[in-house]
Amino acid sequence: MAGQGSGGNVIAAICNFFIPGLGHLVQGRVLGALFYFVAVWACYGLVWTVILAPLFGPLGLILHLISIISAARYRGGVTA
């Protein structure tokens, strides 16, 4: 992938919008993809246990947004 703001990052962010972690997988970040997929879907799954919904609903949405932003701001190989 090219640098931040490249077309690849936009595609990765769009992929993450539909399936959390998919954009990270597109960028080649397997562990990040696995983390976001499991974490976000676990939170969304726990929303169905009505008692935990007020806690895990917003947490799932926040993690979902963080995964989208993380994919959009990725700079391959540069740690900043």
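Since we're looking at a predicted model, the values are computed, not measured.

Visitor: A description of the nonpolar core should follow, citing residues and the corresponding values.
Guide: By size, the foremost hydrophobic cluster in this structure holds five residues: A39, V40, C43, F56 and L63. Broken down by secondary-structure element, the contributors of at least two residues to this core are helix 3 (30–46) and helix 4 (53–72). Counting residues per element, this core draws most heavily on helix 3, at three residues. Look past the residues within four positions of C43 in its chain and what remains in contact with it is F56, L59, G60 and L63.

Visitor: Describe the packing of aromatic side chains, with residues and values.
Guide: With the rule as written, the count across this model stands at four aromatic pairs. With a centroid separation of 5.1 Å and an interplanar angle of 65°, the aromatic rings of F35 and Y36 are classed as edge-to-face. A residue is classified by how much of its surface remains accessible, and F35, at 48% relative accessible area, is partly exposed. Within the aromatic cluster, the residues linked to one another by ring pairs are F37, W41 and Y44.

Visitor: So what about the environment of V40? Which residues, and what values?
Guide: Along the polypeptide, V40 turns up in helix 3. Among the residues examined, V40 registers a relative accessible area of 0% and is labelled buried. Apart from residues lying up to four places away in sequence, V40 is in contact with P20, G60, L63 and H64.

Visitor: Lay out the environment of V10 in plain terms, naming residues and giving numbers.
Guide: Mapped onto the fold, V10 is located in helix 1 (residues 7–18). In the structure, V10 is positioned 58 residues away from I68 in sequence and 9.5 Å away in space, judged by C-alpha atoms.

Visitor: So, the packing of helix 1 against helix 4: which residues are in play, and what are the values?
Guide: When two helices pack together, their arrangement is captured by the angle between the axes and the distance separating the axes. Between helix 1 and helix 4, the shortest axis-to-axis distance is 7 Å and the interhelical angle comes to 165°. For the element pair helix 1 / helix 4, the angle class is roughly antiparallel. Here the hand of the crossing between helix 1 and helix 4 comes out right-handed. Contacts between helix 1 and helix 4 involve N9, A12, A13, N16 and F17 on the former and, on the latter, H64, S67, I68, A71 and A72. When grouped by side-chain class, the residues that make up the contact of helix 1 with helix 4 number six nonpolar, four polar and no charged.

Rules used throughout
Residues numbered from 1 in each chain as written. Predicted model: local features only at pLDDT ≥ 70, side-chain atom pairs only at ≥ 80, totals over all residues. Heavy atoms only, no water. Core = buried A, V, L, I, M, F, W, Y, C linked by side-chain atoms within 4.5 Å. Buried < 20%, exposed > 50% of the residue type's maximum accessible area, 1.4 Å probe, protein only. Helix = DSSP H or I, 4+ residues; strand = E, 2+ residues; numbered from the N terminus. Contact = heavy atoms within 4.5 Å. Phe/Tyr/Trp six-rings, centres within 6.5 Å; stacked < 30°, edge-to-face > 60°. Axes fitted to C-alpha atoms, helices over the stretch in contact; angles between N-to-C directions. Parallel < 35°, antiparallel > 145°, perpendicular 65-115°, else oblique. Left-handed = near helix turned anticlockwise from the far one by under 90°. Nonpolar A, V, L, I, M, F, W, Y, C, P; charged D, E, K, R; others polar.

Everything listed here is a matter of coordinates, which is why it stays silent on function.
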